[in-house]
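Inside the fold
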Amino acid sequence: MLALLRRTTILLAAFACAFAVAAPASAHSGFTLEKCNLGPPVVVGPPCVVSVKKNGATIPYHAASGGSADLVVATHYHVPGDPAIRFNFSIHAPDGSFTLDTTKRYEVALNLGAVYPGETFARGHNVRIDRTVVGGHNIVTFTQNPVRMADDSCSGAGVCSMTATRTSTGYLDGWVNNLAYISDAADRAAMRGFDLASNVDWVSSPLELDDSTNSIFLRVANAHLEHDGTTPFVGSAEFKLPFPMLRRLYEVDDPASLTPAAFSVTGAGSAATDVDVDGTGHTVHVQLEGLTFSRRRLQIHGDTRPSRPQVVAARRMTSTRGRITFAPATPRGSMIRGYKATCRYSSPTLRHYSWVIGPGSPLVVRHLRPGLRYTCSVRAIGRAGLGRIARVRMPRFPG
């Protein structure tokens, strides 16, 4: 990567919290948009909840604690001095506990009015976010399964204790904000559609950029053990990155070429990574399962440098020139701009090297020394930096 993010990384209030129960509100039949109270006060009570469904069946979002339906708590708030306007919902079991059935599928549609539906964060699994406009109002729908949570154990810096102080067997919530903390309008437009979900205690957002490793990465952290002190906590994380966000914020100039090989996980036990590139929707969706936290400082890395060139061969043309041929490398998010070949000779008494940059195969390396056998490396060049190395031997001349 060539440049750092143009802003400070923001944390999305991504901590499991106990939310106050919202006041009862009228049930909605379809979209009663004109009745939504979306004014500027600090707290306006429940926002306009268009609908709540469980396994496809509508349930009331104003069910009283102890009732037969799940309890949906929704808030819309604006903090003085903070340009960001946020909406939040959480769903509890009928008794108010975080013990929802993780096999159930919940759908919550929120009406944001004229508020820009920028980014979302959810405590859930297999999360799908839909953004639509109805009558000039932005409707954001969260569809997800509840998740296990082992929380109340990490500091604001992502430092976690070994054992969680609380385990919730079925937790579910969702956040959406207007990205107003992003000062650049073009950045804000590029980020629209960034969605992040996890069941871990601490998550950084958005993805960070690391020049030293040519990667973008998400930091997540959690206690290693659940509240019982013996069961390892198993986490998950998933995020959807719009192509414009990848191009503008992270300089991934060829997002359609991203593959699962572009992402890796460190400090996460036996995590599995699944990457889906949606050329029609212009998004990259990454899902990570089976995260464990024996190191308690997990990093999910995204490396967009090209792969190594294939079928590399070298021959000596003259005493001072060599010719290297190869099949093209594969782009993994970074468009290939050319190739670099470097040939080196090293002995206790002599060191020498020569290099060349060109658009593709073949590359002709000049200024070699007669009688020396060189070791050559070939790498693709992308915006994210040099790709993986392919090595080949350059023979002596004369032989």
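What counts, and at which threshold
Residues numbered from 1 in each chain as written. Predicted model: local features only at pLDDT ≥ 70, side-chain atom pairs only at ≥ 80, totals over all residues. Heavy atoms only, no water. Pairing = 2+ DSSP bridges. Helix = DSSP H or I, 4+ residues; strand = E, 2+ residues; numbered from the N terminus. Axes fitted to C-alpha atoms, helices over the stretch in contact; angles between N-to-C directions. Contact = heavy atoms within 4.5 Å. Polar contact = N/O pair within 3.5 Å; in protein donor to acceptor, adjacent residues only side chain to side chain. Salt bridge = Lys/Arg side-chain N within 4 Å of Asp/Glu carboxyl O. Disulfide = S-S within 2.5 Å. Buried < 20%, exposed > 50% of the residue type's maximum accessible area, 1.4 Å probe, protein only. Patch = residues over 30% accessible without salt bridge, like charges linked within 9 Å, V, L, I, M, F, W, Y side chains within 5 Å. Areas by Shrake-Rupley, 256 points an atom, 1.4 Å probe, with all protein chains shown as cover. 1 Å grid on protein atoms, 1.4 Å probe; cavity = no way out; pocket = protein on both sides within 12 Å on 5 of 7 lines; lining within 4 Å. Points joined across faces, edges and corners; volume = space filled by probe spheres on them. Nonpolar A, V, L, I, M, F, W, Y, C, P; charged D, E, K, R; others polar. Phe/Tyr/Trp six-rings, centres within 6.5 Å; stacked < 30°, edge-to-face > 60°. Lys NZ or Arg CZ within 6 Å of the ring centre and 35° of its normal. Arc of directions from axis to C-beta.

**Overview of the sheet that holds strand β25 (residues 363-365)**
- Spatial strand order, β21-β22-β25: 3 strands in an open sheet with antiparallel pairing. Since the sheet does not close on itself, it has two edges, and those belong to β21 (310-316) and β25, each with one partner. On average, each strand axis in the sheet is tilted by 20 degrees relative to the strand beside it, whichever way the strands run.
- Relative to strand β22 (residues 322-327), β21 runs antiparallel, the two sharing 5 bridges.

**What to know about the sheet that holds strand β8 (residues 137-145)**
- Strand order in this open sheet of 5 strands is β2-β1-β5-β8-β7, and the pairing throughout is antiparallel. In the strand order of this sheet, the two ends are held by β2 (57-58) and β7 (125-134), each with one partner.
- Of the pairings in the sheet, the one linking strand β5 (residues 106-111) to β8 comprises 6 bridges and is antiparallel in character. Note that in β8 the partner of E107 across the bridge is T143.

**Focus: the environment of R332**
- Topologically, R332 is positioned in the loop between β22 and β23 (336-346).
- Counting along the chain gives 27 residues from R332 to R305, while the straight-line C-alpha distance between them is 6.1 Å.
- Beyond its immediate sequence surroundings of up to four residues, R332 is in contact with S257, L258, T259, A261, A262, D303, T304, R305, P306, S307 and R388.
- Of the polar contacts made by the side chain of R332, one reaches the backbone oxygen of R305; its length is 2.8 Å.

**Here we look at the pattern of salt bridges**
- Following the criterion strictly, the structure yields 10 salt bridges and no others.
- Here D195 ties to R131 by a salt bridge, and the two come within 2.9 Å at their closest N and O atoms. Of this pair, D195 sits in strand β12 (residues 195-198) while R131 is found in strand β7, placing the two residues 64 residues apart along the sequence.
- For D195, the salt bridge is made with K240, and the minimal N-O distance between the two is 3.3 Å.

**Observations concerning the state of the cysteines**
- According to the stated counting rule, one finds 2 disulfides in the structure shown.
- Between C154 and C160 runs a disulfide, and the two sulfur atoms are separated by 2.1 Å. Every disulfide takes its handedness from the sign of the S-S torsion; for C154 and C160 that torsion is 100 degrees, giving right-handed.
- A relative accessible area of 15% places C154 in the buried class.
- Covalently, C343 is tied to C376 through a disulfide, its sulfur atoms 2.1 Å apart. With the S-S dihedral at roughly 110 degrees, the linkage between C343 and C376 falls on the right-handed side.

**With respect to a nonpolar patch on the surface**
- On the surface, Y353, W355 and I357 cluster together into a nonpolar patch covering about 360 Å² of accessible area.
- Along the chain, the position of Y353 falls in strand β24 (residues 351-358).
- A relative accessible area of 47% means that Y353 is categorised as partly exposed.

**Observations concerning the environment of H352**
- Within the secondary structure layout, H352 lies in strand β24.
- With 17 residues separating them in the primary sequence, H352 and R369 have C-alpha atoms 8.3 Å apart.
- Ignoring anything within four residues of it in the chain, the contact list for H352 reads C343, R344, Y345, H367, L368, R369 and Y374.
- Separated by 2.8 Å, the side chains of H352 and Y374 make a polar contact.

**Concerning the layout of surface pockets**
- Put simply, the second largest pocket is a space of about 160 Å³.
- Around the second largest pocket sit T120, V127, R128, I129, D195, L196, A197, E238, F239, K240 and H285, which together line it.
- Taken together, the elements giving at least two residues each to the lining of the second largest pocket come down to β7, β12 and β16 (235-242).
- Here the lining of the second largest pocket is composed, by residue class, of 5 nonpolar, 2 polar and 4 charged.

**Some details on the packing of aromatic side chains**
- Evaluation of the coordinates by the stated rule reveals 6 aromatic pairs.
- Centroid distance F98 to Y171: 4.6 Å. Interplanar angle 35 degrees. Geometry classified as tilted. Taken together, the positions of F98 in the loop between β4 (85-92) and β5 and Y171 in strand β10 (residues 166-171) put the pair 73 residues apart, joining distant regions of the chain. Accessibility classification places F98 together with Y171 in one group, the buried group.
- Between R192 and the ring centre of Y116, over which it is positioned, the NZ or CZ distance is 5.1 Å.

**Examining helix α2 (residues 243-250)**
- Of all the positions in α2, only F243, M245, L246, L249 and Y250 are classed as buried. For α2, the buried positions fall inside an angular range of 165 degrees around the axis, keeping them on one side.
- Within two residues after α2, E251 carries a phi angle of roughly 55 degrees, on the positive side.

Functional significance is not addressed by these values, which are geometric in nature.
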